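Okay, here's what each chain looks like letter by letter:
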Amino acid sequence: MNNRNTLFFWFKLILKRDLALSFKKIATFLIPLVFFLIVISLFPLALGTENSFLSSLSPGVIWVAALLASLLAVESIFNEDFRDGTLDHFLLSGEPIFILVFAKVFAHWLVTGAPLLLASIISTFFLFLPGGLVLPLLVSLLIGTLLLSLLGAFGSALTIGKTAILSAVIVLPLSIPILILGVAIITSAINNQDYLSYLYFLGAMLAVGIPGLCLATVEAISINYD
Amino acid sequence: MGSPPFFFEWASRLLPWLFPISFLILMIGLVWGIGFAPSDYKQGDVYRIIFVHVPSAILGQSIYLMMAIFGSICLIWRAKLAGMFLRSAAPLGASFTLIALISGAVWGKPTWGTWWVWDARLTSTLILFFLYVGIIGLYSSIDNKQRGDRAASLISVVGVIIVPIIKKSVDWWQTLHQPSTFSLTSSPSMTADMYLPLLICVIGFYFIFVSLLCNSLRAEILTRERNTGWVRKYLNNKASG
């Protein structure tokens, strides 16, 4: 207990707690994944099953499904802790809220974002995306879902105690650059063009987004506790 | 300036002048533009919708910027009036953006042949409209007025940082729209008899915005401060006089 005062101790503690809570309930990590696959399979049902048509649509379809799946799951980041009072206790403890936000976002990404990466591999078979494109798809989704978790945490902190649809309306317009860049990475990989420049831009957004959006989330939480 | 009673006094004295002046400027601009400016050699008379379209698009963007500035004032100094400004400006900004979208669609039909094109500037204007709706939805869902102000301030400040990124990413599509009409650094690309009425229209739209803003700010101040002494006194004077 000597290292109680280090920030990393709190980070590990919150992360462990959140992961333990999530894995106790199968719904928290399985439902977004299944939701993602359901949305993916709606597109062939609605648009027809011609292979080349579907594979040309697949980057956009996969990204839109990832966006929806990760944003629908953000409601759980702060709302449950807000309802049962855990959030109040943490704020009363006097520890920096930043570390709480940071750990919560990372836990949320581990529980919903990382399984999406696995599910996206399955979805490439559904949508006949050529096998060589799995790497750009995974890398773009890796950075993109991290960014979406950050944005989602900000939206859910702003709308603590409100419905998830409100935070989706606020956050979805802000996530458009992520969508455009993510799709641009995969489409330029399909056309054998250089996709690294888009990837660098997305990475730069993540580098700015981690401190920037975490700070904004901290501010959004403290608005609720004036 | 920052105190609501002072601003209320000031706005009440200014408004009887502000509305007629705004209408006068707007009328001069619109009548000149629609009635007397020469018609375009390519588009004919259709282009005259520019006198509504461009001012409202400019307003839609600059109101968002103003909201971010007042939002940071609200967050940093907790100025009450800045939060009220945000609440009064957001519906106006959304309306101007909607006017820009609709007038653009009406202009696009005869010139491009469609009501809507997924072009960079149209798309970012549409996204701007969605951002406005998000802000309005956020503060109207929060019962506590002060918290609503600060939440709306925060989302407008974060939004104004992300808007350039949205614009940049949307620009990566090919652009069909004509380049901007106004530029601060280069001389106008249209003749003075088209340019001047447009400029007057833009100024008139700004004046209309300020008048409408003062008007709804007054209402917001009265509602918010209805339990304070000065509002009671004001209302009693109104009722008796």
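Anything mentioned here points back to the structure above.
Figured I'd write up the structure that's included with this text. (Residues numbered from 1 in each chain as written. Chains lettered and ligands numbered in written order. Predicted model: local features only at pLDDT ≥ 70, side-chain atom pairs only at ≥ 80, totals over all residues. Heavy atoms only, no water.)

Overview of the overall build of chain B
- Tallying secondary structure elements over chain B gives 7 helices and 0 strands in all.
- Going residue by residue from the N terminus, the α and β elements of chain B occur as α-α-α-α-α-α-α.
- In terms of its C-alpha atoms, chain B occupies a principal-axis envelope of roughly 60 × 40 × 30 Å.
- Counting only residues that meet the buried cut, chain B has 45% of its 241 residues in that class.
- In chain B, 78% of the contacts between residues at least 6 apart in sequence involve partners at least 24 apart.
- Of the roughly 12400 Å² of accessible surface on chain B, a fraction of 67% belongs to carbon and sulfur atoms.
- Each charge class in chain B can be summarised by its mean position, and for the 19 positive and 10 negative side chains these summaries are 10 Å apart. (Helix = DSSP H or I, 4+ residues; strand = E, 2+ residues; numbered from the N terminus. Buried < 20%, exposed > 50% of the residue type's maximum accessible area, 1.4 Å probe, protein only. Contact = heavy atoms within 4.5 Å. Areas by Shrake-Rupley, 256 points an atom, 1.4 Å probe, with all protein chains shown as cover. Lys, Arg positive; Asp, Glu negative; His and termini not counted. Charge placed at Lys NZ, Arg CZ, Asp CG, Glu CD.)

What to know about the overall build of chain A
- Within chain A, the secondary structure is distributed over 10 helices and 0 strands.
- Counted from the first residue to the last, chain A has its helices and strands arranged as α-α-α-α-α-α-α-α-α-α.
- For chain A, the spread of C-alpha atoms along the principal axes amounts to about 55 × 35 × 30 Å.
- Buried positions account for 51% of the 226 residues belonging to chain A.
- Expressed as a percentage of contacts within chain A between residues at least 6 apart in sequence, the contacts between residues at least 24 apart total 79%.

Describing the interface of chain A and chain B
- Taken together, the contact between chain A and chain B spans 24 residues of the former and 24 residues of the latter.
- Taken together, the two surfaces of chain A and chain B that pack against each other cover about 2100 Å², and 79% of this comes from carbon and sulfur.
- Broken down residue by residue, the surface that chain A buries against chain B is led by L174, I180 and I223 of chain A, which jointly contribute 25%.
- For the pair chain A and chain B, the interface holds 1 salt bridge.
- In this structure, E219 of chain A engages R150 of chain B in a salt bridge whose closest nitrogen and oxygen atoms are separated by 3.1 Å.
- Summed over the shared surface of chain A and chain B, the result is 2 residue pairs in polar contact (both at pLDDT 80 or more).
- For the side of chain A that touches chain B, the elements supplying multiple residues, two or more each, are α7 (134–158), α8 (164–174), α9 (176–190) and α10 (196–223) of chain A.
- Each residue belonging to the side of chain A that touches chain B can be placed in one class, and the counts come to 19 nonpolar, 2 polar and 3 charged. (Buried area = accessible area lost by both parts, 1.4 Å probe. Salt bridge = Lys/Arg side-chain N within 4 Å of Asp/Glu carboxyl O. Polar contact = N/O pair within 3.5 Å; in protein donor to acceptor, adjacent residues only side chain to side chain. Nonpolar A, V, L, I, M, F, W, Y, C, P; charged D, E, K, R; others polar.)

Looking at the environment of V202 of chain B
Residues and elements named next belong to chain B.
- Within the secondary structure, V202 is located in helix α6 (residues 192–224).
- Owing to a relative accessible area of 9%, V202 belongs among the buried residues under this scheme.
- Along the sequence, V202 and D119 sit 83 residues apart, while their C-alpha atoms lie 24 Å from each other.

So, the side chain of H53 of chain B
Residues and elements named next belong to chain B.
- Note that H53 resides in helix α2 (residues 50–77).
- Within the structure, H53 has its side chain in polar contact with the backbone oxygen of A100 (distance 3.1 Å).
- A polar contact of 3.1 Å, which involves the side chain of H53, links it to the side chain of S103.
- Contact partners of H53, with chain neighbours within four places excluded, come to A100, S103, G104 and W107.

Re the pattern of salt bridges
- Applying the stated criterion across every chain, the model contains 10 salt bridges over all chains.
- Two residues, K104 of chain A and D81 of chain A, come together in a salt bridge whose shortest N-O distance is 2.6 Å. Residue K104 of chain A is located in helix α6 (residues 97–126), and its partner D81 of chain A is located in helix α4 (residues 75–84); the two are separated by 23 residues in the primary sequence. The two residues K104 of chain A and D81 of chain A agree in class, both being buried.
- A salt bridge links E9 of chain B to R13 of chain B, with the nearest nitrogen and oxygen atoms 3.0 Å apart. Of this pair, E9 of chain B and R13 of chain B both sit in helix α1 (residues 4–36), 4 residues apart, roughly one helical turn.
- Look at E9 of chain B and you get partly exposed, because its relative accessible area is 43%.
- Through salt bridges with shared partners, one network takes in R17, D18, D81 and K104 of chain A.

Structural measurements only, silent on function.
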